[in-house]
Amino acid sequence: MNRFISRCLLVAAGFLAALPAFAAKPNVVILATGGTIAGAGADVAKSATYQAAKVPVDKLIAGIPTLADVAQVRGEQVFQIASESFTNEHLLKLAKRVAALAKQADVDGIVITHGTDTLEETAYFLNLVVHTAKPIVVVGSMRPGTAMSADGMLNLANAVSVAASADARGKGVLVTMNDELNSGRDVSKMVNIKTEAFKSPWGPLGMVVEGKNYWFRLPAKRHTVDSEFDIEKIDTLPAVEIAYGHGNVGDTAYRALAAKGAKAIIHAGTGNGSVAANVVPALRDLRGQGVQIIRSSHVNAGGFVLRNAEQPDDKYDWLVAHDLNPQKARILAAVAMTKTQDSKELQRIFWEY
Ligand code: DGL
């Protein structure tokens with residue numbers, strides 16, 4: 001009897017010792033928005049022919065039983081759309097939900113599943129406006145879960161493990177695709193037909209391998225907790241539009257965008273954000289009418305626009321987007337212009353974020 005009791009006590013002690021491990025599992029919320037990671041096709045041989053935004057978040061979670069080993073995971077279906085249809089209203093709604101969750105004591109990290117087309121814009125927006133040190137990880141996939149060698153399962157498992165890890169705190173919004181840990185500020189979709197689709201022009205921050213993060217560098221630009229922008233104080237975004245620079249370009253698009261009410265135009269220029277000679281007068285006119293002109297570069301692997309190099313920005317009162325690609329420049333301009341219309345202030349913001 002005594003032996004039986006002591007055996008029971010031993011078993012009970014073992015059980016109690018295991019309890020903290022259970023209790024200590026971080027809480028991760030997955031906010032699902034659609035995209036290929038929730039896509040489905042009719043045929044395993046089709047990796048590019050399928051419908052995005054079909055699979056609900058609970059099914060995505062149920063499809064990866066090992067998630068429960070790293071975190072207590074729950075999902076919310078915020079949207080179910082292809083990300084090319086994201087609007088400013090979607091951005092605002094998502095960011096407000098992320099910020100509200102980040103304030104909750106029972107949330108340790110947040111994952112956002114997203115279509116890859118505008119993933120880089122959402123990640124940068126959240127990086128600018130959500131005030132938290134808790135890990136926020138945006139993730140997508142290049143192949144639907146119904147295709148051979150689908151990448152969504154591992155990408156999502158990595159995203160959850162990163163969101164659950166203490167060492168991912170304070171590093172700004174992260175994007176985990178193809179085992180890389182990229183900054184939401186820097187990362188961009190560089191190719192649309194490979195699983196190695198996302199790259200940062202200045203390199204990834206690290207790698208996530210078998211549930212462990214390996215960091216190599218930290219973001220140098222202001223983000224999340226250090227940002228002067230706060231989603232709790234932003235309810236609308238001003239109209240910021242993009243016009244593309246190319247050979248034989250005219251000024252029609254720029255003038256039309258301004259006539260439709262654009263408060264700022266991102267010039268997606270060639271090279272160093274260059275402006276064709278026959279477009280310069282239109283951009284000077286529009287600046288005179290109060291429209292902010294922001295020169296960026298559409299050079300794919302990393303444009304880098306310098307002030308007063310190709311164009312006399314000081315004289316024309318134009319801005320440069322620094323190393324931000326046109327779509328990221330749109331996000332920063334819209335956020336910044338909720339606070340100031342002063343071009344010197346706006347340029348400071350473009351250097352700092
Ligand atoms: N239409 C695309 C989107 O939702 C699907 C592409 C993807 O998620 O990879 O962004």
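Before reading on, note that the structure itself is shown above.
As the structure is a prediction and not an experimental result, all values here were calculated from the model.

(A) Main features of the overall build of the protein chain. Regarding its fold elements, the protein chain presents 11 helices and 14 strands. Dimensions of the protein chain along its principal axes, counting C-alpha atoms only, are 95 × 45 × 35 Å. Contacts in the protein chain between residues far apart in sequence, at least 24 positions, make up 71% of those at least 6 positions apart. Seen as two clouds, the 37 positive and the 34 negative side-chain charges of the protein chain have centres 3 Å apart.

(B) Broad picture of the site of the ligand. Around the ligand, the neighbouring residues are Gly35, Thr36, Tyr50, Ala82, Ser83, Glu84, Gly115, Thr116, Asp117 and Ser141. One of the side-chain nitrogen or oxygen atoms of glutamate 84 is found 2.7 Å away from a nitrogen atom of the ligand. In the model, an oxygen atom of the ligand is placed 3.0 Å from a nitrogen or oxygen of the aspartate 117 main chain. For the ligand, the protein covers 90% of the area, taking 280 Å² as the surface of the free molecule. Of the residues assigned to the shell around the ligand, the class counts are two nonpolar, six polar and two charged.

(C) Summary view of helix 5 (residues 119-129). Judged by how many residues are buried, helix 5 sits mostly within the fold: 11 of 11 residues are covered. By the burial criterion, the buried members of helix 5 are Leu119, Glu120, Glu121, Thr122, Ala123, Tyr124, Phe125, Leu126, Asn127, Leu128 and Val129.

(D) Spatial organisation of the environment of serine 149. Inspection of the secondary structure puts serine 149 in the loop between strand 4 (136-139) and helix 6 (152-163). For serine 149, a relative accessible area of 59% puts it in the exposed group. When the C-alpha positions of serine 149 and valine 249 are compared, they lie 42 Å apart, and in sequence the two are 100 residues distant.

(E) Spotlight on the sheet that holds strand 4. A sheet is described by the order of its strands in space; here eight strands give the open sequence 2-1-3-4-5-6-9-10, paired in mixed fashion. Taken across any chain shown, the strands that pair with only one partner, and hence form the sheet edges, are strand 2 (72-81) and strand 10 (212-215). Taken pair by pair, the neighbouring strands of this sheet meet at an average axis angle of 25°, ignoring direction. The pairing of strand 4 with strand 5 (residues 174-177) spans two bridges and is parallel. In the strand pairing of strand 5, valine 137 is matched with leucine 174. Lying on the sheet, helix 4 (residues 88-103) is in contact with strand 1 (27-34), strand 2, strand 3 (109-113) and strand 4; it crosses strand 2 at an angle near 165°.

(F) Inspection of the pattern of salt bridges at higher detail. Inspection of the entire model under this criterion finds 22 salt bridges. The residue lysine 199 makes a salt bridge to glutamate 196 at a minimum N-O spacing of 3.0 Å. Given a relative accessible area of 26%, lysine 199 falls into the partly exposed group. Three or more residues joined by partner-sharing salt bridges are found here, namely Arg222, Glu228, Lys339, Glu345, Arg348 and Glu352.

(G) Region of the structure containing the packing of helix 5 against helix 10 (residues 326-336). Between helix 5 and helix 10, whose axes approach to 9 Å, the crossing angle comes to 30°. Looking at the two axes, helix 5 sits roughly parallel to helix 10. Helix-helix and strand crossings are classified by hand; for helix 5 and helix 10 the assignment is right-handed. Where helix 5 approaches helix 10, its residues Glu120, Glu121, Tyr124, Phe125, Leu128 and Val129 are matched on the opposing element by Gln327, Lys328, Arg330, Ile331, Leu332 and Val335. Partitioning the contact of helix 5 with helix 10 into residue classes produces seven nonpolar, one polar and four charged.

(H) Spatial organisation of the nonpolar core. If you look at the biggest cluster of nonpolar residues, it comprises 57 residues, and the most contacted ones within it are Leu31, Val98, Ile112, Phe125, Leu126 and Val129. The biggest single contributor to this core is helix 4, with eight residues. Setting aside residues up to four positions removed in sequence, leucine 31 forms contacts with Glu76, Val78, Leu94, Arg97, Val98, Leu101, Ile110, Val111, Ile112 and Thr113. One finds Ile61, Val111, Val137 and Leu174 within the second-largest nonpolar core, a separate group that totals 26 residues.

(I) Here's a closer look at the packing of helix 7 (residues 252-259) against helix 8 (residues 280-288). Viewed as axis vectors pointing N to C, helix 7 and helix 8 meet at an angle of 15°, and their least axial separation amounts to 9 Å. Considered as vectors, helix 7 and helix 8 are oriented roughly parallel to each other. As helix 7 packs across helix 8, the resulting crossing turns out to be left-handed. Residue-level inspection shows Tyr254, Arg255 and Ala258 of helix 7 in contact with helix 8, the latter providing Pro281, Ala282, Leu283, Asp285 and Leu286. Residues belonging to the contact of helix 7 with helix 8 are distributed by class as follows: six nonpolar, no polar and two charged.

(J) Inspection of the sheet that holds strand 12 (residues 264-269) at higher detail. Pairing is parallel across the open sheet formed by four strands, whose spatial order is 11-12-13-14. Bordering the open sheet on either side are strand 11 (240-244) and strand 14 (319-320), each of which pairs with just one other strand. Relative to strand 14, strand 13 (residues 292-297) runs parallel, the two sharing two bridges. In the sheet register, isoleucine 294 faces strand 14, and the bridge partner there is leucine 319.

Thresholds, definitions, all that
- Residues numbered from 1 in each chain as written.
- Predicted model: local features only at pLDDT ≥ 70, side-chain atom pairs only at ≥ 80, totals over all residues.
- Heavy atoms only, no water.
- Helix = DSSP H or I, 4+ residues; strand = E, 2+ residues; numbered from the N terminus.
- Contact = heavy atoms within 4.5 Å.
- Lys, Arg positive; Asp, Glu negative; His and termini not counted.
- Charge placed at Lys NZ, Arg CZ, Asp CG, Glu CD.
- Near = heavy atom within 4 Å.
- Polar contact = N/O pair within 3.5 Å; in protein donor to acceptor, adjacent residues only side chain to side chain.
- Areas by Shrake-Rupley, 256 points an atom, 1.4 Å probe, with all protein chains shown as cover.
- Nonpolar A, V, L, I, M, F, W, Y, C, P; charged D, E, K, R; others polar.
- Buried < 20%, exposed > 50% of the residue type's maximum accessible area, 1.4 Å probe, protein only.
- Pairing = 2+ DSSP bridges.
- Axes fitted to C-alpha atoms, helices over the stretch in contact; angles between N-to-C directions.
- Salt bridge = Lys/Arg side-chain N within 4 Å of Asp/Glu carboxyl O.
- Parallel < 35°, antiparallel > 145°, perpendicular 65-115°, else oblique.
- Left-handed = near helix turned anticlockwise from the far one by under 90°.
- Core = buried A, V, L, I, M, F, W, Y, C linked by side-chain atoms within 4.5 Å.

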